[in-house]
Amino acid sequence: METAELLGALCRELPALRTVAAETGDSQALEETLAAARRGEPVTDRLRDLGLLELLESWTARTVPPDAVGAEPPGGLVDLPGLDHSGHVAHGRYRCPLGTCRRAELPRPGDDLPVCALHDSPLRFG
């Protein structure tokens, strides 16, 4: 898994990774790893040492990437709350606020604004 993909998966799955780290007594080590990621340092080996890299990779393998064919309704139509359900063209996705990862989320009706768990910032739309 390359760096941008790893950081995107780390961001998306961070709440679950924190739960696992708490169960294994590795919370402090995970937080140190996150601090290193925020500084732009490589974290692959740290995650591997914590036993979280393989877990993260297995979760990512089951997730359909937002850029995959068929992940977005045809024509980019997304049903928006408060409208007559005829849809609206949504041009773009929510993306990493710092541009350091490949995380991309489609806007969905009723969903909260997605947040980067790594940097504690809302994803930007574009």
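Residues numbered from 1 in each chain as written. Predicted model: local features only at pLDDT ≥ 70, side-chain atom pairs only at ≥ 80, totals over all residues. Heavy atoms only, no water.

**Describing the sheet that holds strand β3 (residues 94–95)**
Part 1 of the reasoning: Strand order across the open sheet formed by three strands is β4-β3-β7, with antiparallel pairing between neighbours. Strands at the two margins of the open sheet, each flanked by one partner only, are β4 (104–105) and β7 (124–125).
Part 2 of the reasoning: Sheet topology note: the β3/β7 ladder contains two bridges and is antiparallel. Looking at the pairing, R95 lines up with R124 of β7. (Pairing = 2+ DSSP bridges. Helix = DSSP H or I, 4+ residues; strand = E, 2+ residues; numbered from the N terminus.)

**Considerations on helix α2 (residues 27–38)**
Part 1 of the reasoning: Taking 1.5 Å as the rise per residue, α2 with twelve residues should run 16 Å; its terminal C-alpha atoms sit 16 Å apart, in good agreement.
Part 2 of the reasoning: Buried within α2 we find L30, T33, L34, A36 and A37. The buried side chains of α2 occupy one side of the element, clustering within an arc of 160 degrees when seen end-on.
Part 3 of the reasoning: In this fold, the buried residues of α2 make contact with α1 (3–24) and α3 (44–49).
Part 4 of the reasoning: Positive backbone phi, at 85 degrees, marks G40, one or two positions downstream of α2. (Expected span 1.5 Å × (residues − 1). Buried < 20%, exposed > 50% of the residue type's maximum accessible area, 1.4 Å probe, protein only. Arc of directions from axis to C-beta. Contact = heavy atoms within 4.5 Å.)

**As for the packing of aromatic side chains**
What describes a pair of aromatic rings is the distance from one ring centre to the other and the angle between the planes of the rings.
Part 1 of the reasoning: Throughout the structure, instances matching the rule amount to one aromatic pair.
Part 2 of the reasoning: Centroid distance Y94 to F125: 5.2 Å. Interplanar angle 70 degrees. Geometry classified as edge-to-face. Pair noted here: Y94 is in strand β3 and F125 is in strand β7, with a separation of 31 residues, a long-range link. (Phe/Tyr/Trp six-rings, centres within 6.5 Å; stacked < 30°, edge-to-face > 60°.)

**Quick look at the nonpolar core**
Part 1 of the reasoning: If you look at the biggest cluster of nonpolar residues, it comprises 25 residues, and the most contacted ones within it are L10, L17, L30, L47, L56 and L118.
Part 2 of the reasoning: Listing elements by their share of this core, those giving two or more residues are α1, α2 and α4 (53–61).
Part 3 of the reasoning: For this core, the element with the highest residue contribution is α1, accounting for eight residues.
Part 4 of the reasoning: In this structure, L47 is in contact with L6, L10, L30, T33, L52, L53 and L56, ignoring residues within four places of it in sequence. (Core = buried A, V, L, I, M, F, W, Y, C linked by side-chain atoms within 4.5 Å.)

These figures capture arrangement, not role.
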